[in-house]
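Residue strings, one per chain:
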Amino acid sequence: NTRVSPTKQGKTTVSEAERFWRICQAIGDIAFAYAYSTVLIEIQDTLKLSPTENKAMKRASLVGISTTTVFYLLCGCVGYAAFGKDAPGDLLSRSGFDHPVWLLNVANVCVAIHLIVAYQVFAQLIFSFVETSCRQRWPEVKFVTTDHQITIPILGGTSFHINGFRVVWRSAYVVVTTVLATFIAFFNIFLALIGAASFCLLAVYFPIEMYIARSKVPMFSISWMCLQALRLVCLLVSLVAAAGSVEGPIPSLKMYHPFKNEV
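For clarity, every value in this text was computed on a predicted model and none was experimentally measured. (Residues numbered from 1 in each chain as written. Predicted model: local features only at pLDDT ≥ 70, side-chain atom pairs only at ≥ 80, totals over all residues. Heavy atoms only, no water.)

Chemist: I would appreciate a short explanation of the environment of V144 in the present structure.
Modeler: Mapped onto the elements of the fold, V144 is located in helix α5 (residues 142-145). Residues V144 and T132 lie twelve residues apart in sequence; the distance between their C-alpha atoms is 9.8 Å. Setting aside anything within four residues of it in sequence, one finds V144 in contact with C134, R135, W138, N163 and F165. (Helix = DSSP H or I, 4+ residues; strand = E, 2+ residues; numbered from the N terminus. Contact = heavy atoms within 4.5 Å.)

Chemist: Please explain the packing of aromatic side chains as it appears in this structure.
Modeler: The geometry of an aromatic ring pair comes down to the distance between the two centres and the angle between the two planes. Within the structure shown, the criterion is met by six aromatic pairs. Aromatic side chains F127 and W169 sit 5.9 Å apart centroid to centroid with 90 degrees between the ring planes, which places their arrangement in the edge-to-face category. In this pair, F127 sits in helix α4 (residues 101-137) while W169 sits in helix α6 (residues 164-183), placing the two residues 42 residues apart along the sequence. According to the relative accessible area criterion, F127 is buried, its value standing at 2%. Judged by relative accessible area, W169 falls into the buried class, the value being 18%. The interplanar angle of 85 degrees and the centroid separation of 6.5 Å between the aromatic rings of F143 and F165 together place this pair among those described as edge-to-face. In this pair, F143 is assigned in helix α5 and F165 in helix α6, connecting sequence segments 22 residues apart. (Phe/Tyr/Trp six-rings, centres within 6.5 Å; stacked < 30°, edge-to-face > 60°. Buried < 20%, exposed > 50% of the residue type's maximum accessible area, 1.4 Å probe, protein only.)

Chemist: Mind showing me how you'd approach α4 here?
Modeler: Side chains of residues three or four places apart in an α-helix project in the same direction, reflecting 3.6 residues per turn. With 37 residues, α4 should cover 54 Å at 1.5 Å per step; its first-to-last C-alpha distance of 53 Å lies within 8% of that length. Of all bends in α4, the biggest is about 35 degrees, found at A123. Among the residues of α4, those classed as buried are L104, A123, F127, E131 and C134. (Expected span 1.5 Å × (residues − 1). Bend = angle between axes of the 7 residues up to and from the residue.)

Chemist: Honestly, unusual backbone geometry in this entry has me stumped. Any pointers?
Modeler: Outside of glycine, negative phi angles account for most residues, and trans bonds account for most peptide bonds. Unusually for a residue other than glycine, K216 sits at a positive phi of about 55 degrees. Residue position: K216 is located in the loop between α7 (187-215) and α8 (222-247). The residue F220 is not glycine, and still its phi comes out positive at about 70 degrees. Assignment of secondary structure puts F220 in the loop between α7 and α8.

Chemist: Where do I start with the nonpolar core in this structure?
Modeler: Note on soluble globular proteins: their nonpolar side chains tend to be buried together. The biggest cluster of nonpolar side chains holds nine residues, and these are A31, F199, V204, I208, I212, V217, W224, L227 and C234. Mapped by element, the contributors of at least two residues to this core are α7 and α8. Element by element, the count of residues in this core is highest for α7, at four residues. A123, F127, V144 and W169 belong to the second-largest nonpolar core, a separate cluster that totals seven residues. (Core = buried A, V, L, I, M, F, W, Y, C linked by side-chain atoms within 4.5 Å.)

Chemist: Help me out: how do you make sense of a nonpolar patch on the surface in this one?
Modeler: On the surface, a cluster of nonpolar side chains totalling about 660 Å² of accessible area is made up of W138, V141, F143, I150, F160, I162, V167 and V168. Within the secondary structure layout, V168 lies in helix α6. Judged by relative accessible area, which is 48%, V168 ranks as partly exposed. (Patch = residues over 30% accessible without salt bridge, like charges linked within 9 Å, V, L, I, M, F, W, Y side chains within 5 Å. Areas by Shrake-Rupley, 256 points an atom, 1.4 Å probe, with all protein chains shown as cover. Salt bridge = Lys/Arg side-chain N within 4 Å of Asp/Glu carboxyl O.)

Chemist: Quick question: what am I supposed to make of the UniProt feature "transmembrane region" (unreviewed entry) in the protein chain here?
Modeler: Here the UniProt feature "transmembrane region" (unreviewed entry) sits at residues 62-83, 103-130, 175-208 and 229-246. Secondary structure over residues 103-130 splits into 100% helix and 0% strand, and the C-alpha atoms at its two ends are 40 Å apart. (UniProt positions renumbered as here; feature names shortened; annotations may be inferred.)

Chemist: Is there a simple way to explain the pattern of salt bridges in this structure?
Modeler: Summed over the entire model, instances satisfying the criterion amount to four salt bridges. Notably, a salt bridge pairs E131 with R170, separated by 2.8 Å at the nearest N-O pair. With E131 in helix α4 and R170 in helix α6, this residue pair connects regions lying 39 residues apart in the sequence. Judged by relative accessible area, E131 falls into the buried class, the value being 10%. Since its relative accessible area comes to 23%, R170 is described here as partly exposed. Residues R231 and E209 are paired through a salt bridge, measuring 2.4 Å at the closest nitrogen-oxygen approach. Of the two residues, R231 sits in helix α8 while E209 sits in helix α7, which places them 22 residues apart along the sequence.

Structure representation (structure tokens):
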């Protein structure tokens, strides 16, 4: 989804401006992976009392961020080493990478499992908010508030509680978001835009503000100035990534066709 021009050798050339916007968009993609603050509370609720949540979350954050950093660096370096400036957004399905087939299939299965799990984790916040709001607004509607117990004899009499509104609402949400995702062809671009918007606020601004308030960091102290400098740098990163994400779809919209991943 980027503007390229053919050369005599059949390769593509990219202008300096286009290369700059691609770099900005890539920064947004990376920023999206670090904006995990929305699920920290969900993760913390599953922790046991021993070791303490403070120690467990510090270790989990260190391992998670380190793994993410290594993974993205490997993808970026290996992709650029293999394809150079023609490196695609999807290394598994473009630029002629189709052998061995079993390796490609295994990789796609792993990506599918990862996205399904991540989708459920991120969507739980939306599900919980909507269902709680509906219960409070319509407490007399049994379709919204009543849970039906279903026992499955095959599983040893295991019982499950099913709510009609929850089934309909969550199924409709998944269907609508899936249709929208297949309708919009600019996955990487929108991913970078979401990452740019959420990174500075959720992963930097609010955590720093909470740390300053909790630790009572004195204003204009060395620690306070370092935190403000970090926040300023991350804000600039978000602005650059957002600019690259907005510029990316403009030329592609002229040739855009719904439900197609290539234009």
